[in-house]
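Descriptive analysis of the structure
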Amino acid sequence: MIRRLLLAASLLALISLSGCSAVGHWSQAASGHLGITRAARPVDDWLADPATPADLAARLRLSQQMRDFASARLALPENNSYRRYADLHRTAAVWNVIAAPEFGFTLKTWCYPIMGCAGYQGWFDLDQAKQHAEALKAEGWEVQVQAIPAYSTLGWSRLLGGDPLLNTFIRYPEGELAAMIFHELAHQRVYVSDDTGFNEAYASAVELIGARQWLATKPEALAAFDAGRERRARFLALAREGKRALQAVYDGPADQRAAGKAAVMAELRERAKQEAPGFEAWFQRANNASFAILAAYDELVPAFERLFEREGRDWARFHAAVEVLKPLSREGRRATLKARGGLHDIDPAPSPTQ
């Protein structure tokens, strides 16, 4: 047992959200994840505990039905992930630091053993995340610190009981709870090193299609879910339009970029009041890092949705079709998605650089 725990700790130190060059970050990432796993208890234990609040018990039961559905109906991994629950007594599982240039959308990347490079760096302590963000700002980067309710260890934490359910998302509306579980399990099904946009769009497509299938016999919950996603779609449309306008400014004369950028952002903040109600705060604090990471989650989702339809809405075939794209280059994956999904406007998204 001790050897298994030591092995698991070593693996987590390698694959969790730590950066390859920062020993301090390795240490906090490994200890942070191990702290979460130590806090987690099997769902059955929580349900048997008379001290467990009734509303939490109901959510835990529901989560297990979703977990069964994920493997039985969506062809997602059957393992010990999301069979345990932890109350972290905080509002986020981890805080991601995201950075982009002053006049561009190429995300700064950090590279990790096994999982490859990604356009974010995760911290389990908010103060440490803020300190790192300030250091990046001093270097000239535009930076955001984002609270993340859940993350995936890509299945490697099974030695410590798997990725757990957390208080940070267990009380989400039913459709969003299902979406969260399906999204994180999708990362365990297919994951490509060094392609954040591909990975997140694939998982986002799985969450969207899967949640709607889960809610198919629950019309009120489905209507609420679709209404929420429609509000988000309006927000995304405005954000995409803003990103295009900003890119046009950045492609223009260097001496006009700062003023042009300020004008675009001012217009977006004003328009958000009417066109994206509920998302005004996002536009108030948005910068290039915000637009860049949003694009990573959003831009390829329609292509994956079309691919799902092309594969006859068969989940096993769909995952297999995505798996086939892994050996290709970033550009090759997007070109193939374009061809197979019938889309013509996929951004080729050049590889991010350090």
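Residues numbered from 1 in each chain as written. Predicted model: local features only at pLDDT ≥ 70, side-chain atom pairs only at ≥ 80, totals over all residues. Heavy atoms only, no water.

Under an unreviewed UniProt entry, the name given to the protein is Aminopeptidase, and the source organism is Pelomonas candidula.

Considerations on the sheet that holds strand S1 (residues 41-42)
Taken together, the three strands give an open sheet; going across it, the order is S1-S2-S8, and neighbouring strands pair in mixed fashion. Because the sheet does not close on itself, it has two edges, and the strands there are S1 and strand S8 (165-166). Pairing analysis gives two bridges linking strand S2 (residues 84-86) to S8, with the strands arranged parallel. Note that in S8 the partner of tyrosine 85 across the bridge is leucine 165. (Pairing = 2+ DSSP bridges. Helix = DSSP H or I, 4+ residues; strand = E, 2+ residues; numbered from the N terminus.)

Some words on the pairing of strand S3 (residues 94-100)
Across the seven residues that make up S3, a large majority, seven, are buried. Neither face of S3 is left uncovered, since the one carrying Val94, Asn96, Ile98 and Ala100 and the one carrying Trp95, Val97 and Ala99 both have all their residues buried. In this structure, S3 lies alongside strand S7 (residues 142-148), joined through seven bridges in antiparallel fashion. By the bridge assignment for S7, valine 94 is matched with isoleucine 148. (Buried < 20%, exposed > 50% of the residue type's maximum accessible area, 1.4 Å probe, protein only.)

Focus on the packing of aromatic side chains
Within this structure, the stated rule accounts for 19 aromatic pairs. Aromatic pair phenylalanine 124 and tyrosine 151: ring centres 5.7 Å apart, planes at 85 degrees, arrangement edge-to-face. Residue phenylalanine 124 is located in the loop between strand S6 (121-123) and helix H5 (126-138), and its partner tyrosine 151 is located in the loop between S7 and S8; the two are separated by 27 residues in the primary sequence. Geometry around tryptophan 46 places arginine 41 over its ring, the cationic atom sitting 4.3 Å from the centre. Over the aromatic face of phenylalanine 105 sits the side chain of lysine 243, whose NZ or CZ is 4.9 Å from the ring centroid. (Phe/Tyr/Trp six-rings, centres within 6.5 Å; stacked < 30°, edge-to-face > 60°. Lys NZ or Arg CZ within 6 Å of the ring centre and 35° of its normal.)

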